[in-house]
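For reference, the chains in residue letters:
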Amino acid sequence: MRLAIDVMGGDQGPRAIIEGSARAAVERPDLVLTLFGPIQQINAELSRLPQPLAAATSRLVAADVPESVSQAATAAWAMRRGGATSMACMLRSLSSGEAAAGVSAGNTGALVALARRELGMFPGISRPAISTAIPARGGRRCYLLDLGANVDSPASRLLDFAMMGAAMAQCIDRIKRPRVALLNVGSEATKGSANVREADRLLRESASDLSFDYLGYAEGGDIFQGELDVVVCDGFVGNVTLKASEGLTRMLVERVQMAFESRLSGRLASILARPVLKRLKRELDPVRYNGASLLGLQGIVVKSHGSTQADGFYYAIQRALQEVEHDLPSRIAARWSRQ
């Protein structure tokens, strides 16, 4: 299996992306990763890989692309002048069939615009939605979308997001009838923006024809209760919700650890509770949930956090591999045609 990697998008530079790629390749002997970026920088980072990861260098193939998309670039710039960048070349390898999926930590607006052009959308969908899984109670997870591809979405697009999110939960988590809700400022019918209220009306009118259960409005805290499989919102609200939950998670884990270590008795308790704390941190660490899908494209593209370290990028690659193994675009397309 071959994946395409844009090594130039992350805030940390190529090092974190290449190290995360090497870790994924070490675990999967059948995995080949094409690294798009300046070949001198790629080779320099490959030569610095620690010994356990260096064994994978034969399956990390450099594709020399000197140009890149900066974090400050606009989607319009990417469409006009970004055709020769590492991001565009990575996407082109997907459209040509050379790679099964692509992963980038680069500029979100540019990635969405270039992916639409290079891969195309499912018929009837105008724009991709960015979605990721949020950990919830009972070991469950909830898919949240959109996370930033569409800052201000009309009601018809929110309806599309609900359908795509439900298809994601059906394909990846094998949920026969996902429970879907619209994120709002309250459960009352009169609350929320005009777009959200209109989307609620469209979903209720279409309820008998949908392959999921629409449960109405949800508030922010409902995302984590384990009673919803998909929560739909526009990209501005979704991005703020995701980043706030990640920051809160990190703070809570640190506060729990500090509370144990603040006193002598606490230090002893900390030693005894260390396995539990380690498990808590592992289960809630946002790094493990890095990697968001661009749904609606005729191909698999995963967006990693721009600030991710090697571990985070490794998990983004795992997300892409999971979607390849489930043949996600084809299965979403099949479900979409039946809606």
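Per an unreviewed UniProt entry, the recorded name for the chain is Phosphate acyltransferase, and the organism is Vreelandella andesensis. Turning to the chain, the UniProt record has this under Subcellular location (unreviewed entry): "Cytoplasm". Regarding the chain, the UniProt comment filed under Function (unreviewed entry) reads as follows: "Catalyzes the reversible formation of acyl-phosphate (acyl-PO(4)) from acyl-[acyl-carrier-protein] (acyl-ACP). This enzyme utilizes acyl-ACP as fatty acyl donor, but not acyl-CoA."

A. Structural view of the overall build of the chain. In terms of helices and strands, the chain carries 12 helices and 11 strands. Counting all 339 residues of the chain, 52% fall into the buried class. Taking contacts inside the chain between residues at least 6 apart in sequence as the whole, the part at least 24 apart equals 73%. About 15400 Å² of surface is accessible on the chain, with carbon and sulfur atoms providing 52% of the total.

B. Region of interest: the pattern of salt bridges. The tally for this structure, following the rule as stated, stands at 15 salt bridges. Where Glu198 meets Arg201, a salt bridge forms, and the shortest distance between an N and an O atom there is 2.4 Å. With a gap of three residues between them, Glu198 and Arg201 both fall in helix α8 (residues 194-205), about one helical turn apart. Since its relative accessible area comes to 36%, Arg201 is described here as partly exposed.

C. How the structure looks around the packing of aromatic side chains. Applying the stated rule across the entire model yields one aromatic pair. The positively charged end of Arg23 is found above the aromatic ring belonging to Tyr314, 3.8 Å away from the centroid. Over the ring of Tyr315 we find Arg23, and its NZ or CZ is 5.9 Å from the ring centre.

D. Main features of α8. Across its 12 residues, α8 extends 17 Å between first and last C-alpha, which sits within 8% of the 16 Å expected from 1.5 Å per residue. Within α8, the full set of buried residues consists of Val196, Ala199, Asp200, Leu202 and Leu203. For α8, the arc enclosing every buried residue in end-on projection is 165°, short of the 170-degree limit, so these residues lie on one face. Summarising the geometry of α8, the exposed residues directed more than 90 degrees from the buried face are Ala194 and Glu205. The inward-facing, buried residues of α8 contact α7 (155-173), β7 (179-183) and β8 (213-218).

E. Quick peek at the packing of helix α1 (residues 14-27) against helix α11 (residues 310-325). For the pair α1 and α11, the least separation of the axes is 7 Å and the interaxial angle reads 50°. As the angle between them shows, α1 and α11 are arranged oblique. For the pair α1 and α11, the sense of crossing is right-handed. Listed contacts from α11 to Ala16, Ile17, Glu19, Gly20, Ser21, Arg23, Ala24 and Glu27 of α1 are Ala310, Asp311, Phe313, Tyr314, Tyr315, Ile317 and Gln318. Looking at the contact of α1 with α11, its residues break down into eight nonpolar, three polar and four charged.

F. Seen up close, empty space enclosed by the protein. Evaluated as defined, the whole model comprises one cavity of 30 Å³ or more. Taken as a whole, the largest cavity encloses approximately 70 Å³ of empty space. Around the largest cavity, the lining residues are Phe122, Leu294, Leu295, Gly296, Leu297, Gly299, Ile300, Glu323, Leu328, Pro329 and Ile332. Listed by contribution, the elements that provide at least two residues to the lining of the largest cavity are β10 (292-295) and α12 (328-338). Top element by residues in the lining of the largest cavity is α12. It accounts for three residues.

G. Expanded view of the pairing of β8. Across four bridges, β7 lies against β8 in parallel orientation. For Leu183, the partnering residue across the bridge sits in β8 and is Ala218. Handedness of the crossover joining β7 and β8 through α8: right-handed.

H. Focus on α1. For α1, with 14 residues, the first-to-last C-alpha span of 20 Å sits near the 20 Å given by 1.5 Å per residue. Listed as buried for α1 are Pro14, Ala16, Ile17, Ile18, Gly20, Ser21, Ala22, Ala24 and Ala25. Lining the buried residues of α1 we find β1 (2-6), β2 (32-37), α2 (39-47), α3 (51-54), β3 (60-64) and α11.

The rules we used
Residues numbered from 1 in each chain as written. Predicted model: local features only at pLDDT ≥ 70, side-chain atom pairs only at ≥ 80, totals over all residues. Heavy atoms only, no water. UniProt positions renumbered as here; feature names shortened; annotations may be inferred. Helix = DSSP H or I, 4+ residues; strand = E, 2+ residues; numbered from the N terminus. Buried < 20%, exposed > 50% of the residue type's maximum accessible area, 1.4 Å probe, protein only. Contact = heavy atoms within 4.5 Å. Areas by Shrake-Rupley, 256 points an atom, 1.4 Å probe, with all protein chains shown as cover. Salt bridge = Lys/Arg side-chain N within 4 Å of Asp/Glu carboxyl O. Phe/Tyr/Trp six-rings, centres within 6.5 Å; stacked < 30°, edge-to-face > 60°. Lys NZ or Arg CZ within 6 Å of the ring centre and 35° of its normal. Expected span 1.5 Å × (residues − 1). Arc of directions from axis to C-beta. Axes fitted to C-alpha atoms, helices over the stretch in contact; angles between N-to-C directions. Parallel < 35°, antiparallel > 145°, perpendicular 65-115°, else oblique. Left-handed = near helix turned anticlockwise from the far one by under 90°. Nonpolar A, V, L, I, M, F, W, Y, C, P; charged D, E, K, R; others polar. 1 Å grid on protein atoms, 1.4 Å probe; cavity = no way out; pocket = protein on both sides within 12 Å on 5 of 7 lines; lining within 4 Å. Points joined across faces, edges and corners; volume = space filled by probe spheres on them. Pairing = 2+ DSSP bridges. Right-handed = clockwise from strand over helix to strand, strands pointing away.

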